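# Summary of structural features
Here's the letter readout for the chains.
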Amino acid sequence: MESSLEPYDDAEARLTDGGSRAEFATRRGGRRRRRPTKTSGAEATTEAAPTDEMPEAEPEVASEPVVEELAVAASPVVSSAAKPAPRERARGGRSQRGGFSRRDRHQPTITDLLREGQEILVQIAKEPIAKKGARITSHIALPGRFLVYMPTVEHVGVSRKIESDSERQRLRKLITLIRGTEDIPSGGFIVRTAGVGISEADLREDVRYLVRTWLDIRATAEKTKPATMVHKDLDLVQRILRDQLSDDFAAIRVDSEEEYENIVEFINRIQPRLVKRVKLYTRDRPILEAYGVQAEIDKAIKPRVWLKSGGYLVINQTEALVAIDVNTGKFVGRGSGRLEDTITRTNLEAVEEIVRQIRLRDLGGIIVLDLIDMEERRNRQKVMQTLQDALRNDKSPTKVLSFNDFGLVIMTRKRVKQSLERTLCAPCQYCQGAGLIKSPQTVCYELLEEARTLGKAMNGDKANKQATLRIHPEVAKALRSSERDVLNEIEEYLGPVDINSDPMVHQEQFDFAFI
Ligand SMILES: [Zn+2]
């Protein structure tokens, strides 16, 4: 199995590869072609044959490019006849030579292993790039939510990325138990990193889903003609459902009838008991607007977030860390309330909203919270407790590293993908992402400098020409009011200036013209 993807986090690889996975390649072996060799693009069909010594994290990574399966080769051979073949070949004498190392370059050629016209089921492990054909393998790996199912490999493992020994043991025991009690046609499972802390019931559900998927694939393969795609990896909607859906969701709403049917069909396979929660949205109002999603997205990319009490957060993402500042704003305790109580209430409200914003914005890495200073230790503990309770619902692992007496909290959150801001936004082209532009006052002084230079260049010719100045309305306003002196000095250099205020001009820009 391909190990070139190893450095990627599994979730990341899945996301970034998503787009290209829609394509699929078909290969025709056999009938008219003499040798289904390199020219046909089948780079190494059996190279990846895993053995029992296979390192445990490999399949998880390798499973990510799981793409589409397709039945290969036009031939009169029924597909079922070829089914057991891949394993026999992998285990049979030849390929075992030298202990079968993955680095072993002396592999049998493809013609030793495949007969012309033989029908096999393969998976695309790597998309074709430029002139290089797709890498295909007969060792199917199907990723589920917590597991990767490998129908052709009798192996049970746990992703190497799960570090805790006791958790690894627990998962291994569980999966072995489930494998022994469920009706599984063949093969083994690897627990993915997402499987940490997962219950037996959830694991079992994933096993059932994967086995059903595999049986469907086999059934389809038998019915279809060769060189047909028999299974495609999940699309975006399905991947979201697979990775996020749980009992916590009250409803799944969708505004497309076609997608609705797909979702019902899909949930029926992965979590049948939740299928009634899928609802078709038919009203005229756009669905994202009706449920306030658009408004939330707009809010989630702005730095300032208002709290119900009138306080607010300011969220700033920098290269190194995310800083979240809590402010009381206009919120001051009514009458009898002590300031300390007001502050504590704001902080309590703030930490709940902060956790929500962290999830909404997908903020990761180091996150520093600057809460409002609280005097009493008791209150600090209360806020800390609320923060940690709120973080418990976050699917991404977080860790609060410190909470000092001045209300400064340092925490980390696992970065799974780019933040919402980085996904939806590009740096502002006006300020190059600085978030600031020159003030009207500064621009006025720049105008003055320019006027002085121009005046010198004209050498007292000012009487013959009318100067016009095209500027942003804010700058024009400043010149006529607070920066009146500047305008006077400019007119000393250039004579009377005709000011043309134009909202289309960038605030930092100006144009002198002489007619
Ligand atoms: Zn800007």
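Residues numbered from 1 in each chain as written. Predicted model: local features only at pLDDT ≥ 70, side-chain atom pairs only at ≥ 80, totals over all residues.

To continue, consider the overall build of the protein chain. A count of helical and extended segments in the protein chain gives 18 helices and 19 strands. Considering the protein chain as a whole, with its 515 residues, one finds that 29% of them fall into the buried category. Taking the intrachain contacts of the protein chain between residues at least 6 apart in sequence as the baseline, contacts between residues at least 24 apart amount to 75%. (Helix = DSSP H or I, 4+ residues; strand = E, 2+ residues; numbered from the N terminus. Buried ≥ 20, exposed ≤ 12 C-beta atoms within 10 Å, placed from the backbone. Contact = placed C-beta atoms within 7 Å.)

On to the sheet that holds strand β18 (residues 497-501), then. The strand order across the open sheet built from 3 strands is β18-β17-β19, with neighbouring strands paired in mixed fashion. Because the sheet does not close on itself, it has two edges, and the strands there are β18 and β19 (510-514). Each strand of the sheet is rotated relative to its neighbour by a mean of 20°, with strand direction disregarded. Sheet analysis places strand β17 (residues 467-471) next to β18, joined by 5 bridges and oriented parallel. Of the residues in β18, the one forming a bridge with arginine 470 is asparagine 500. (Pairing = 2+ DSSP bridges. Axes fitted to C-alpha atoms, helices over the stretch in contact; angles between N-to-C directions.)

Spatial ordering of the open sheet is given by β11-β12-β13-β14-β16-β15, a layout of 6 strands whose pairing is mixed. Of all the strands in the sheet, the pair left with one neighbour each is β11 (304-306) and β15 (398-403). Taken over all neighbouring pairs, the strand axes of this sheet differ in orientation by 20° on average, direction set aside. Pairing analysis gives 6 bridges linking strand β12 (residues 312-317) to strand β13 (residues 321-327), with the strands arranged antiparallel. Within β13, the position partnered with tyrosine 312 by the bridge is asparagine 327. The sheet contacts of helix α13 (residues 339-361) involve β11, β12, β13, β14 (365-370) and β16 (408-413), and relative to β12 the element is tilted by about 40°.

This part takes up the pairing of β17. On any regular strand, side chains alternate: one points to one face of the sheet, the next to the other face. Burial along β17 is one-sided: the residues Ala467, Leu469 and Ile471 are buried and none of Thr468 and Arg470 is. Judged from the 5 bridges that link them, β17 and β19 form a sheet pairing that is antiparallel. Of the residues in β19, the one forming a bridge with leucine 469 is phenylalanine 512.

Right, let's talk about helix α16 (residues 440-458) for a bit. Under the 1.5 Å per step criterion, the end-to-end length of α16 is 26 Å for 19 residues, consistent within 8% with the ideal 27 Å. All of the buried residues along α16 are Pro440, Val443, Cys444, Leu447 and Ala451. Buried residues of α16 fall within an arc of 100° about the axis and therefore sit on the same side. Away from its buried face, by an angle of more than 90 degrees, α16 presents the exposed residues Glu449, Thr453, Lys456 and Ala457. Packing partners of the buried residues in α16 comprise α17 (473-480), α18 (484-494) and β19. (Expected span 1.5 Å × (residues − 1). Arc of directions from axis to C-beta.)

Tracing the chain through its elements places arginine 413 in strand β16. The spatial distance from the C-alpha of arginine 413 to the C-alpha of aspartate 362 is 9.3 Å, given a sequence separation of 51 residues. In this view, arginine 413 contacts Ile358, Leu363, Gly364, Ile367, Ser396 and Thr398; residues no more than four positions away in its chain are not counted.

Let us now look at unusual backbone geometry. Even without being a glycine, alanine 227 presents a positive backbone phi close to 60°. Classification of alanine 227 by C-beta neighbours within 10 Å gives partly exposed; the count is 17. Backbone geometry places aspartate 362, a non-glycine residue, at a positive phi of 55°. Inspection of the secondary structure puts aspartate 362 in the loop between α13 and β14. Given 18 C-beta atoms within 10 Å, aspartate 362 falls into the partly exposed group.

Residues with a pLDDT of 70 or more make up 77% of the protein chain, whose mean pLDDT is 77. In the predicted structure, residues 1-101 sits below a pLDDT of 50 and forms 211 contacts with residues beyond four places in sequence or in another chain. (pLDDT = per-residue confidence, 0-100.)

A few words on the nonpolar core. Counting 29 residues, the largest nonpolar core has Leu142, Leu147, Val148, Tyr149, Phe189, Val191 and Leu210 as its most contacted members. Breaking this core down by element, the ones donating at least two residues are β5 (147-150), α7 (165-181), β7 (188-191), α8 (200-223) and α10 (257-270). Ranked by residues supplied to this core, first place goes to α8 with 6 residues. (Core = buried A, V, L, I, M, F, W, Y, C linked by C-beta atoms within 7 Å.)

Moving on, we come to the pairing of β13. Judged by which residues are buried, β13 turns out to be one-sided: Val322, Ile324 and Val326 face inward and are buried, whereas Leu321, Ala323, Asp325 and Asn327, on the alternate face, are not. Relative to β14, β13 is paired through 5 bridges, and the arrangement is parallel. Bridge pairing in β14 places isoleucine 324 opposite leucine 369.

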